[in-house]
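Analysis of the macromolecular model
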Amino acid sequence: MSNLSDLLPAGAAAKQLTFTDSGSGISSKAPVVLNSDGTVSPISVSAGSLNSEVTVESAAIRSVGEIYVPILITSGSHSGKVVYMYNNNSPNLRYSVISYSGSTPSATTPASPGWADPSGFVKGFWDESEERIVVFIGQGTGGSSPGYMWYYHNTFSGTDTLGTPTVGYALGGQTSNGGEMDITPIGNSKYVVCSGDASTYNLMQVWSLSGGTLTVGSDIPGPSHEGTMRVSSAKDGEFMYILASNNSSRVIFNGCTVSGTTITKGTDTEITSGGQGPTATMLDSGYRRGFASDWLNKHIAFYNKPGDDQECDCRIIEQSGTSLTLNTINSVDTNEVDMGYGGSGGRYPNLVWGADSNTVVIFYPNRATTQGQLRYAEFSISGNTITTGTSAAVLTTSNIANTSVGGVNNQGTSFLTVCYGDYNDNNYVKTRTYTPSASNLTSTNLLGIAAGAISDTATGTINTWGSRNEAQSSLTIGSDYYVQNNGTITTSSDGQLIGKAITATQINIKDYTG
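**Notes on the overall build of the protein**
On a plain count of helices and strands, the protein comes out with 1 helix and 45 strands. Going through the 514 residues of the protein one by one, you find that 54% of them count as buried. Restricting the contact set of the protein to residue pairs at least 6 apart, pairs at least 24 apart contribute 55%. If you sum the accessible surface of the protein, you get close to 18900 Å²; carbon and sulfur atoms cover 44% of it.

**Remarks on the sheet that holds strand 5 (residues 49–57)**
The strand order across the open sheet built from 4 strands is 5-37-36-35, with neighbouring strands paired in antiparallel fashion. Looking at which strands have only one partner, the edges of the open sheet turn out to be strand 5 and strand 35 (406–409). The sheet shows a mean angle of 20° between the axes of neighbouring strands, taken without regard to direction. In this sheet, strand 37 (residues 428–435) lies alongside strand 5 in antiparallel orientation, the contact comprising 6 bridges. Along strand 37, the bridge assignment pairs S49 with T435.

**Considering the pairing of strand 6 (residues 68–72)**
For strand 6, the tally of buried residues reaches 5 of 5 residues, placing the bulk of the element in the interior. Taking every second residue as pointing to the same face, both faces of strand 6 are buried, with Y68, P70 and L72 on one and V69 and I71 on the other. Two strands pair when backbone bridges link them, and strand 6 and strand 7 (residues 82–87) are joined in this way by 5 bridges, in the antiparallel orientation. Bridge assignment links P70 to a residue of strand 7, and that residue is Y84.

**Brief notes about the environment of T503**
Within the secondary structure, T503 sits in the loop between strand 44 (496–501) and strand 45 (507–509). On the accessibility criterion, T503 (12% relative accessible area) is buried. As for T503 and S473, which are separated by 30 residues in sequence, their C-alpha atoms are 9.0 Å apart. Within the local environment of T503, its side chain forms a polar contact with the backbone nitrogen of Q506, the two atoms lying 3.0 Å apart.

**Let's talk about the side chain of K430**
Within the secondary structure, K430 sits in strand 37. Relative accessible area serves as the criterion here: at 2%, K430 is assigned to the buried category. Among the polar contacts made by the side chain of K430, one reaches the side chain of E53 at a distance of 3.2 Å. What K430 contacts, discounting residues up to four positions off in sequence, is E53, V54, T55, V56, Y84, V418, C419, Y420, D422 and D425.

**Description of the sheet that holds strand 40 (residues 459–463)**
Consider a sheet: its strands pair through backbone hydrogen bonds, and that pairing is either parallel or antiparallel. If you walk across this open sheet you meet the 5 strands as 1-40-39-2-3, and the pairing is antiparallel. The open sheet has two edge strands, strand 1 (16–20) and strand 3 (40–42), and neither has a second partner. For this sheet, the mean angle separating the axes of adjacent strands, direction not counted, is 45°. Bridge analysis of strand 39 (residues 446–450) against strand 40 gives 2 bridges, and the strand direction is antiparallel.

**Details of the packing of aromatic side chains**
A complete count under the given rule lists 11 aromatic pairs for this structure. Both rings, one in F363 and one in Y376, keep their centres 5.8 Å apart while their planes meet at 40°; by these two values the pair is tilted. With F363 in strand 32 (residues 359–366) and Y376 in strand 33 (residues 373–382), the pair connects residues that are 13 residues apart, well separated along the chain. On the basis of relative accessible area, F363 is assigned to the buried category, the value being 0%. Relative accessible area serves as the criterion here: at 10%, Y376 is assigned to the buried category.

**Description of the pattern of salt bridges**
What the rule picks out here adds up to 8 salt bridges. Across the salt bridge formed by K81 and D160, the nearest N and O atoms sit 2.8 Å from each other. Of this pair, K81 sits in the loop between strand 6 and strand 7 while D160 sits in the loop between strand 13 (156–158) and strand 14 (161–162), placing them 79 residues apart in sequence. Residue D480 pairs with K500 through a salt bridge whose shortest N-O separation is 3.0 Å. Placement of D480 in strand 42 (residues 480–483) and of K500 in strand 44 is noted, with a sequence separation of 20 residues between them. In this structure D480 comes out as partly exposed when scored by relative accessible area, which is 31%. Accessibility expressed as a relative area gives 33% for K500, which makes it partly exposed. One network of salt bridges, with partners in common, ties together E53, K430 and R432.

**A few points about the nonpolar core**
Ranked by internal contacts, the top residues of the largest apolar core, which has 18 residues, are I71, V83, M85, W115, I133 and V135. With residues up to four places along the chain from it excluded, the contact list for V135 reads I71, M85, W115, V122, K123, G124, W150, Y151 and Y152.

**Considering the confidence of the model for the protein**
Detailed reading of predicted coordinates is not advised where the pLDDT is low. Averaged over all residues, the pLDDT of the protein is 79; the fraction at 70 or higher stands at 75%. Mean pLDDT values for the elements of the protein range from 58 in strand 15 (residues 166–174) up to 96 in strand 9 (residues 104–107). Below a pLDDT of 50 lies the segment residues 1–14, which in the model reaches 23 contacts outside its immediate sequence neighbourhood of four places, other chains included.

**A short note on unusual backbone geometry**
A positive phi angle, near 55°, is found at D160, a position not held by glycine. Not every positive phi belongs to a glycine, and S189 is a case in point at roughly 60°. When you line up the elements, S189 lands in the loop between strand 16 (182–187) and strand 17 (190–197). Assessed through its relative accessible area of 9%, S189 is described here as buried.

Parameters at a glance
- Residues numbered from 1 in each chain as written.
- Predicted model: local features only at pLDDT ≥ 70, side-chain atom pairs only at ≥ 80, totals over all residues.
- Heavy atoms only, no water.
- Helix = DSSP H or I, 4+ residues; strand = E, 2+ residues; numbered from the N terminus.
- Buried < 20%, exposed > 50% of the residue type's maximum accessible area, 1.4 Å probe, protein only.
- Contact = heavy atoms within 4.5 Å.
- Areas by Shrake-Rupley, 256 points an atom, 1.4 Å probe, with all protein chains shown as cover.
- Pairing = 2+ DSSP bridges.
- Axes fitted to C-alpha atoms, helices over the stretch in contact; angles between N-to-C directions.
- Polar contact = N/O pair within 3.5 Å; in protein donor to acceptor, adjacent residues only side chain to side chain.
- Phe/Tyr/Trp six-rings, centres within 6.5 Å; stacked < 30°, edge-to-face > 60°.
- Salt bridge = Lys/Arg side-chain N within 4 Å of Asp/Glu carboxyl O.
- Core = buried A, V, L, I, M, F, W, Y, C linked by side-chain atoms within 4.5 Å.
- pLDDT = per-residue confidence, 0-100.

Next comes the structure, spelled out in structure tokens:
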């Protein structure tokens, strides 16, 4: 016996079966899925699409520094709905509750939540333990008017109506970059809050909510550079930050852990010749978007490309305690994503997870092509690599220089919600859903690998579990191979295990026990 293939009879005929193609044709050596009608299809990815637009409020929104914040309710009697917050032209904070029939949204009559009017920052979450909305609001514009972070939390007082808010106050004192703040939940009704400070530039605190009572931890200084910090949690009790400095050429990363309300920092990692303005960063994790089992301990970061304020770099960042691993950079050209800049009112892009942890959608204001135009683009993730998935497309056009957009993944559905103002329609407040690109591969329908090419609607042989496929090439003997959502067979364990290479051209397809 010279190799592992000698252990199996050629073709393992008892485990290769004949199936009919569904009408798309199948290439030799391609993995296939079994359809509900008994036919087979190659693995494919459907294109993303925008769905019908809905007007939330037929009134002019604020013309500079507008805010669109969708908050997904994930538990209780309102589960699956989205609370959509925005500021009108007064600027007063408003909200509407969005319900869905399939992927079509409908909005309640807008109302005031009874909270203070924001000056440029609002971010909110649904706290499942507390069964209430927790919203953080930045007030103050810097300089002689310091910025402060307030928090409000509400429960529902009836059908789609928020009750009387409870108000608290903590972090504040920023003197040079007011309103540039961020928050991330870290599990167990705890939140990491970061904002600016007159002497240390950036401060972090842990805010812990229990029964509507807030406990605030001690101030921990962040990087001593003026700019915007973004924070993200990929595991309970851990988070990381990224800072794009706007008074020196650098981007700074760090991992942190939390015990109680105490933060322990790791060591700052700096990338020099970067830092292109205070709104030039996005950071998020799949853990808070419903993909914990697939995405634990990983973050995705978009930040301005060093030396270029109209292009950006994106990368996957792994975290273990206070240690970060910065994986391969994907540089995105200006026709795909423009990260915006820190001009009057700011410009706020938004990262939203797609149908699964293999896709992210970036909604962003673009000034490189059309001033204030809102656009979106998809990116694909395989292992620790992120690549451009689909080219940028227009969400809505605009003639305003400072605009914003918000989005959220509607967990358990095939779509996400995007919120924005439509400057081509009287500055009205709008929402719509977007169905991201998605694979036809599920956790239960992977059948095997085609032994040879199968024409449209013809019958052909599929090597199923317990057989071997002999049509591969350039395999690494002894390595496990996985079918990815796009139909490729690779060694990346992010896909579904298909089998082990026994020669450079043959895969021993696993049996049902693995």
